[in-house]
Amino acid sequence: VVAGTEELRAPPIIPEAWMVITMHPNTIHVVRPKARCGGLFLVNSGVIEEATAPEQVTLVQIPATKLAEDQGNLQGAAMVMIAAASQATGLVSVQQLENALEALTPPYRRNSIKKNIDVMQAGAAYAEENLMSLGVQAWAPVQA
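Residues numbered from 1 in each chain as written. Predicted model: local features only at pLDDT ≥ 70, side-chain atom pairs only at ≥ 80, totals over all residues. Heavy atoms only, no water.

1. Structural notes on the pattern of salt bridges
Okay, step 1: Tallied over the full model, the rule gives four salt bridges.
Okay, step 2: Here Asp70 ties to Lys66 by a salt bridge, and the two come within 2.8 Å at their closest N and O atoms. In this pair, Asp70 and Lys66 are both assigned in helix H2 (residues 64–70), four residues apart and thus about one turn of the helix distant.
Okay, step 3: Asp70 sits in the partly exposed class, given a relative accessible area of 49%. (Salt bridge = Lys/Arg side-chain N within 4 Å of Asp/Glu carboxyl O. Helix = DSSP H or I, 4+ residues; strand = E, 2+ residues; numbered from the N terminus. Buried < 20%, exposed > 50% of the residue type's maximum accessible area, 1.4 Å probe, protein only.)

Below you can see the structure in the form of structure tokens.
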């Protein structure tokens, strides 16, 4: 997922980012170096047992796979992670994620919407309980 305040161009391959997410141990070596100083390195602690963040980057461990499994939707781990990250940083609201899911899910996959909303809510709840002390915002407040 690539998000920004300016127009994004494809392919969204970037040298560094304020927030980097890894879901599997095989991807750590690729994404870890992209975490920018002062940023966040989010790790799916449900499958990644040991991880370290680069210097001056905050390591955030989220048991995304476990939370998805608890909701009966193991495939929803990425949805858990993006909802937790969004809730903790204000990237977008979880309601906006749910609205996008409703709007963008093709007809042949609509039966998965409820399950995906459930895992997103689990991720948001986890963030609310465990991550709000990060005190970080994805975007600087808009100046009036």
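2. What to know about the pairing of strand S2 (residues 35–44)
Here is the key point about a regular strand: its side chains alternate between the two faces of the sheet.
Okay, step 1: The buried fraction of S2 is high, at seven of 10 residues.
Okay, step 2: Pairing of S2 with strand S3 (residues 58–62) involves five bridges; the strand directions are parallel. Each residue of the ladder has a partner; that of Leu42, found in S3, is Val60. (Pairing = 2+ DSSP bridges.)

3. A few points about the sheet that holds S2
Okay, step 1: Pairing is parallel in the open sheet, where three strands are placed in the order S1-S2-S3. The sheet is open, and its two edges are formed by strand S1 (17–22) and S3, each paired on a single side. Ignoring which end each strand starts from, the neighbouring axes of this sheet average 15 degrees apart.
Okay, step 2: Pairing geometry for S1 and S2, over five bridges, is parallel. Directly across from Val20, in S2, lies its bridge partner Phe41. (Axes fitted to C-alpha atoms, helices over the stretch in contact; angles between N-to-C directions.)

4. What to know about the nonpolar core
Okay, step 1: Residues Met19, Leu42, Val60, Ile62, Val80 and Leu131 are the most contacted members of the largest nonpolar core, which totals 19 residues.
Okay, step 2: Elements supplying a minimum of two residues to this core: S2, S3, H2, helix H3 (77–89) and helix H5 (113–130).
Okay, step 3: When residues in this core are grouped by element, the largest group, six residues, is from H3.
Okay, step 4: Counting nine residues, the second-largest nonpolar core is a separate cluster that includes Ala17, Ile28, Val31 and Ala35. (Core = buried A, V, L, I, M, F, W, Y, C linked by side-chain atoms within 4.5 Å.)

5. Some points on H5
Okay, step 1: The end-to-end C-alpha distance of H5 is 26 Å, a good match for the 26 Å that 18 residues give at a rise of 1.5 Å each.
Okay, step 2: Within H5, the full set of buried residues consists of Ile113, Asn116, Ile117, Val119, Met120, Ala122, Gly123, Ala124, Tyr126 and Ala127.
Okay, step 3: The secondary structure elements touched by the buried residues of H5 are S3, H2, H3 and helix H4 (94–104). (Expected span 1.5 Å × (residues − 1). Contact = heavy atoms within 4.5 Å.)

6. Some words on the confidence of the model for the chain
Okay, step 1: Averaged over the chain, the pLDDT score is 89; the fraction of residues at 70 or greater is 94%.
Okay, step 2: A low-confidence stretch, residues 140–144 stays under pLDDT 50, and its non-local contacts, those more than four residues away or across chains, total zero contacts. (pLDDT = per-residue confidence, 0-100.)

7. Focus: the side chain of Asn44
Okay, step 1: Considering the arrangement of structural elements, one finds Asn44 in strand S2.
Okay, step 2: Ignoring sequence-local partners within four residues, the contact set of Asn44 consists of Thr22, Met23, Ile62, Pro63, Ala64, Thr65 and Met81.

8. A look at H3
Okay, step 1: Compared with the 18 Å implied by 1.5 Å per residue over 13 residues, the 18 Å span of H3 between its first and last C-alpha is a close match.
Okay, step 2: Among the 13 residues of H3, 10 are classified as buried, and the element is accordingly described as predominantly covered.
Okay, step 3: Those residues of H3 that fall on the buried side of the exposure criterion are Ala77, Val80, Met81, Ile82, Ala83, Ala84, Ala85, Ser86, Ala88 and Thr89.
Okay, step 4: Buried residues along H3 sit against S1, S2, S3, H2, H4 and H5.

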